[in-house]
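Chain and residue survey
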Amino acid sequence: MNKSDWIEGMARGMAVLESFDTERQRLNATLTAQRTGLTRAAARRHLLTLAHLGYLETDGQYFWLSAKVLGFAGSYLSSARLPRAVQPTLHQLSLATQLSCSVAVLQNDAVIIVARGIWQGPDLPIKASHNVLAYGLHVGTRLPAHATSTGQVLLANLTPPEMKTWLEANPLSRLTAHTATQVKDLKQKLKRIAKQDYCLATQEHELGVDALAVPLRNQRGDTVAALNLVRSGAAPNAPDLATRWLPLLQQTAQALRPLI
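Residues numbered from 1 in each chain as written. Predicted model: local features only at pLDDT ≥ 70, side-chain atom pairs only at ≥ 80, totals over all residues. Heavy atoms only, no water.

Looking at the packing of aromatic side chains
Going by this rule: The rule is short: rings of Phe, Tyr and Trp, with Trp giving its six-membered ring, pair when the centres are within 6.5 Å, and they are stacked under 30 degrees, edge-to-face over 60, tilted in between. Helix and strand definitions follow DSSP, with helices as H or I runs of at least four residues and strands as E runs of at least two, each counted in order from the N terminus. Remark: exposure states derive from per-residue accessible area (1.4 Å probe, protein chains only) relative to the maximum for the residue type, with buried under 20%, exposed over 50%, and partly exposed in between. Two limits define a charge over a ring: the Lys NZ or Arg CZ must be within 6 Å of the ring centre, and within 35 degrees of the ring normal.
Going through the model one piece at a time under the given rule, you end up with one aromatic pair. With 5.8 Å between their ring centres and 20° between their planes, Tyr55 and Phe72 make a pair best called stacked. Of the two residues, Tyr55 is situated in the loop between helix H3 (40–53) and strand E1 (56–58) and Phe72 in helix H4 (residues 70–79); the sequence distance between them amounts to 17 residues. Of the residues examined, Tyr55 reaches a relative accessible area of 19% and is grouped as buried. We note Lys68 situated over the ring of Tyr55; from NZ or CZ to the ring centre the distance is 4.5 Å. Positioned above the aromatic ring of Trp245, the side-chain terminus of Arg244 is 3.8 Å from the ring centre.

Focus on the side chain of Asn170
Let me state the cut-off plainly: Whenever two N or O atoms come within 3.5 Å, that pair is a polar contact, provided that in protein one can donate a hydrogen and the other can accept it, and provided that, for residues adjacent in sequence, both atoms are side-chain atoms.
In this fold, Asn170 is placed in the loop between helix H7 (160–169) and helix H8 (183–196). On the basis of relative accessibility, which here comes to 15%, the residue Asn170 falls in the buried class. Among the polar contacts listed, one links the side chain of Asn170 to the backbone oxygen of Trp166, at a separation of 2.9 Å.

Some remarks on the nonpolar core
Soluble, globular proteins show a tendency: their nonpolar side chains are buried together. We apply this condition: Residue types Ala, Val, Leu, Ile, Met, Phe, Trp, Tyr and Cys, when buried and joined through side-chain atoms within 4.5 Å, form a set referred to as a nonpolar core. Contacts are assigned to residue pairs with any non-hydrogen atoms lying within 4.5 Å of each other.
Core analysis: the largest hydrophobic core is formed by 27 residues, its most contacted members being Leu82, Val86, Val103, Leu212, Leu216 and Leu227. Looking at this core, the elements that each hand over two or more residues are helix H5 (81–97), strand E3 (100–107), strand E4 (110–117), strand E7 (209–217), strand E8 (223–232) and helix H9 (241–256). Here this core takes seven residues from H9, the largest share from any one element. Residues within four places of Leu212 in sequence aside, it is in contact with Ser149, Tyr198, Cys199, Leu200, Leu227, Asn228, Leu229, Leu241, Ala242, Trp245, Leu246 and Leu249. With 22 residues, the next largest nonpolar core counts Leu155, Ala180, Ala201 and Ala213 among its residues.

As for the pairing of E8
The test is simple: Only when DSSP finds a minimum of two bridges between them are two strands counted as paired.
Of all the ten residues making up E8, seven are buried; the element is thus mostly covered by neighbouring parts of the structure. Bridge analysis of E3 against E8 gives five bridges, and the strand direction is antiparallel. Bridge assignment links Val103 to a residue of E8, and that residue is Leu227. Examined bridge by bridge, E7 and E8 share nine bridges and lie antiparallel to one another.

Some points on the packing of H5 against H9
Operational definition: Each axis is a line fitted through C-alpha atoms, and for a helix only the stretch in contact is used; angles between axes span 0 to 180 degrees, taken between their N-to-C directions. The labels follow the angle: roughly parallel below 35 degrees, roughly antiparallel above 145, roughly perpendicular from 65 to 115, and oblique for the rest. Should the near helix be turned anticlockwise from the far one by less than a right angle, the crossing is left-handed, and should it be turned clockwise, the crossing is right-handed.
Viewed as axis vectors pointing N to C, H5 and H9 meet at an angle of 160°, and their least axial separation amounts to 11 Å. Considering their axes alone, H5 and H9 lie roughly antiparallel with respect to each other. Here H5 runs over H9; the crossing is right-handed. Seen from H5, the contacting residues are Ala85, Val86, Thr89, Leu93, Ala96 and Thr97; seen from H9, they are Trp245, Leu248, Leu249, Thr252 and Leu256.

Remarks on the environment of Arg26
Within the element layout of this structure, Arg26 appears in the loop between helix H1 (8–18) and helix H2 (29–36). The sequence separation of Arg26 and Tyr76 amounts to 50 residues, and the corresponding C-alpha distance is 24 Å. The contact partners of Arg26, leaving out residues within four places of it in the chain, are Leu31, Asp59, Tyr62, Phe63 and Trp64.

Some remarks on the state of the cysteines
Think of a disulfide as a covalent bridge from one cysteine sulfur atom to another cysteine sulfur atom. As a reminder, the rule being used: To count as a disulfide, a pair of cysteine sulfur atoms needs to be within 2.5 Å.
Under the definition given, this model contains zero disulfides. Left without a disulfide partner, Cys101 is nearest to the cysteine sulfur of Cys199, which lies 16 Å away. Among the residues examined, Cys101 registers a relative accessible area of 0% and is labelled buried. In this structure Cys199 comes out as buried when scored by relative accessible area, which is 0%.

Overview of the sheet that holds E8
What holds strands together in a sheet is hydrogen bonding between their backbones, with the strands either parallel or antiparallel. The six strands are arranged E5-E4-E3-E8-E7-E6 in an open sheet whose pairing can be described as antiparallel. If you trace the sheet from one side to the other, it starts and ends with strand E5 (142–144) and strand E6 (199–202), each paired once. In this sheet, neighbouring strand axes are inclined to one another by 35° on average, regardless of whether the strands run parallel or antiparallel. H9 contacts E6, E7 and E8 of the sheet and is inclined by roughly 25° relative to E7.

Details of a nonpolar patch on the surface
Note the threshold: Any residue with relative accessible area above 30% and no salt bridge may belong to a patch, with like charges joined within 9 Å and the nonpolar Val, Leu, Ile, Met, Phe, Trp and Tyr side chains within 5 Å. Residue-level accessible areas treat just the shown protein chains as cover; the underlying method is Shrake-Rupley with a 1.4 Å probe. For this document, the term salt bridge refers to a Lys or Arg side-chain nitrogen within 4 Å of an Asp or Glu carboxyl oxygen.
Taken together, the side chains of Ile7, Met10 and Met14 present a nonpolar region at the surface, about 320 Å² in accessible area. Within the secondary structure, Ile7 sits in the segment before H1. Given a relative accessible area of 51%, Ile7 falls into the exposed group.

Now the structure itself:
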């Protein structure tokens, strides 16, 4: 992008909006400054401007996202091909496995969930993509790419130059004792994932939660997203997700290929 085309104020405003997430739903100027790298004064001005425009609500000290931001999400979900194409299949996959499943895409340092299928017990799974879902995840949730099954699958499918750039630009924060925080360790795992074409992440993002992911490719063979199954609180002697569900997950990904 040409430097002359870059609008710094817009970039900063979007950074302020993106600083709100499931972990921090209410922010003041100090917290926003810490999360965005802005000064406290600049963060405050951006918060007040976004509140004036209707994208934030405030009690005078703290700010939180307003319902207006759902307009962007609703427009994306109604127009984007990927979520609409995969949602019926996710419903069937969660029903067959009695597990929650997701489709996620890579964006900068994170993966973003664009569709979900959930299992909530003996009744049918909820066939919805807008409500809050199992394990506190929902459509639109951002998760660190290096510590998630979908993220690692998508990173493993980058070209070598793209992967090198990504690893240089993004710190590998520790979420659990099982999270890879050294570049060499993550690179070794990504190499294995690329060879086997799936990822099994065991308690890397959250203790007690395992996930199995495979790439979703279009007809040209481009990796456009990742599909995973998530299991929480498995019995100590339970078979791992790859042993139990990898063939079905791969078949599902293959069946989705003509649709994406």
